[in-house]
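Next come the chains, spelled out residue by residue.
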Amino acid sequence: MRIPLAIIGLICAVAVSGCGRKELRDIRSTGTGPDEFLVLPPKPLSAPENYTALPTPTPGGQNRSDVNPQAEAVVALGGKPAALLPGNAIPASDSGLVTASSRYGVSADVRQVLASEDAAFLKRRRRGGRIKIAPVDRYEQIYSKQTLDPFAVNEAFRRAGVATPSAPPSNE
């Protein structure tokens, strides 16, 4: 009589363990070190010429040493920070890209539509995978049919005669 009760207890414990709400990605810190993406090296401090003429502090406002960090990041990556300013027209070099990408029309609420379609897709795909004994990263499993194999696509284009840039060898 004890063995069946133990089995029933184990089944109940496993069933209850899967009831907690888990996020799609199970990302945890695996080390004890700092997160290198949270560390932003500031510019060197400098003393102002006149301490009485300092501006009033504005919480959430601009930093005097990093006036526009987003534009500085764009410049560091080889871009043009003027494209970030609101009201700037699309550069002539990008007009062909914009025309080609909007040839079938542009939906103003594309982000909201995509978010609702993705939520419905996730709801359908998660039905069978809610019970887990151990924490699992479900992102790869759920989106596996929507992923491209870059090496297979590269080979397909090369076979079709399309010039492709060199790609690193696959790990296989």
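Residues numbered from 1 in each chain as written. Predicted model: local features only at pLDDT ≥ 70, side-chain atom pairs only at ≥ 80, totals over all residues. Heavy atoms only, no water.

Engineer: Pulling in residues and values, what's your account of the overall build of the protein?
Structural biologist: Within the protein, the secondary structure is distributed over six helices and zero strands. Split into buried and exposed, the 172 residues of the protein put 8% on the buried side. For the protein, the share of sequence-separated contacts (at least 6 apart) that also reach a separation of at least 24 residues comes to 42%. Accessible surface, the protein as shown: approximately 15,600 Å² in total, 62% of it carbon and sulfur. (Helix = DSSP H or I, 4+ residues; strand = E, 2+ residues; numbered from the N terminus. Buried < 20%, exposed > 50% of the residue type's maximum accessible area, 1.4 Å probe, protein only. Contact = heavy atoms within 4.5 Å. Areas by Shrake-Rupley, 256 points an atom, 1.4 Å probe, with all protein chains shown as cover.)

Engineer: Pulling in residues and values, what's your account of the packing of aromatic side chains?
Structural biologist: Per the counting criterion, the structure on display carries one aromatic pair. Between Phe 121 and Tyr 143 the ring centres are 5.6 Å apart and the planes differ by 35 degrees, which places this aromatic pair in the tilted class. With Phe 121 in helix H4 (residues 110-126) and Tyr 143 in the loop between helix H5 (139-142) and helix H6 (150-159), this residue pair connects regions lying 22 residues apart in the sequence. For Tyr 143, a relative accessible area of 13% gives the class buried. (Phe/Tyr/Trp six-rings, centres within 6.5 Å; stacked < 30°, edge-to-face > 60°.)

Engineer: Mind laying out H4, listing which residues take part and the relevant values?
Structural biologist: A rise of 1.5 Å per residue sets the reference length of H4, with its 17 residues, at 24 Å; its end C-alpha atoms lie 24 Å apart and thus fit the reference within 8%. Summarising the contacts, the buried residues of H4 are in contact with H5. (Expected span 1.5 Å × (residues − 1).)

Engineer: Residues and numbers for the pattern of salt bridges, please.
Structural biologist: In this structure the tally under the stated criterion is one salt bridge. Arg 158 serves as the salt-bridge partner of Glu 155, at 3.7 Å between the closest nitrogen and oxygen. Here Arg 158 and Glu 155 lie together in helix H6, a separation of three residues that amounts to about one turn. (Salt bridge = Lys/Arg side-chain N within 4 Å of Asp/Glu carboxyl O.)

Engineer: With reference to specific residues and values, describe a nonpolar patch on the surface.
Structural biologist: Together, Leu 148, Val 153, Phe 157 and Val 162 give the surface a local cluster of nonpolar side chains, amounting to about 360 Å² of exposed area. Note that Val 162 resides in the segment after H6. Classification of Val 162 as partly exposed rests on a relative accessible area of 40%. (Patch = residues over 30% accessible without salt bridge, like charges linked within 9 Å, V, L, I, M, F, W, Y side chains within 5 Å.)

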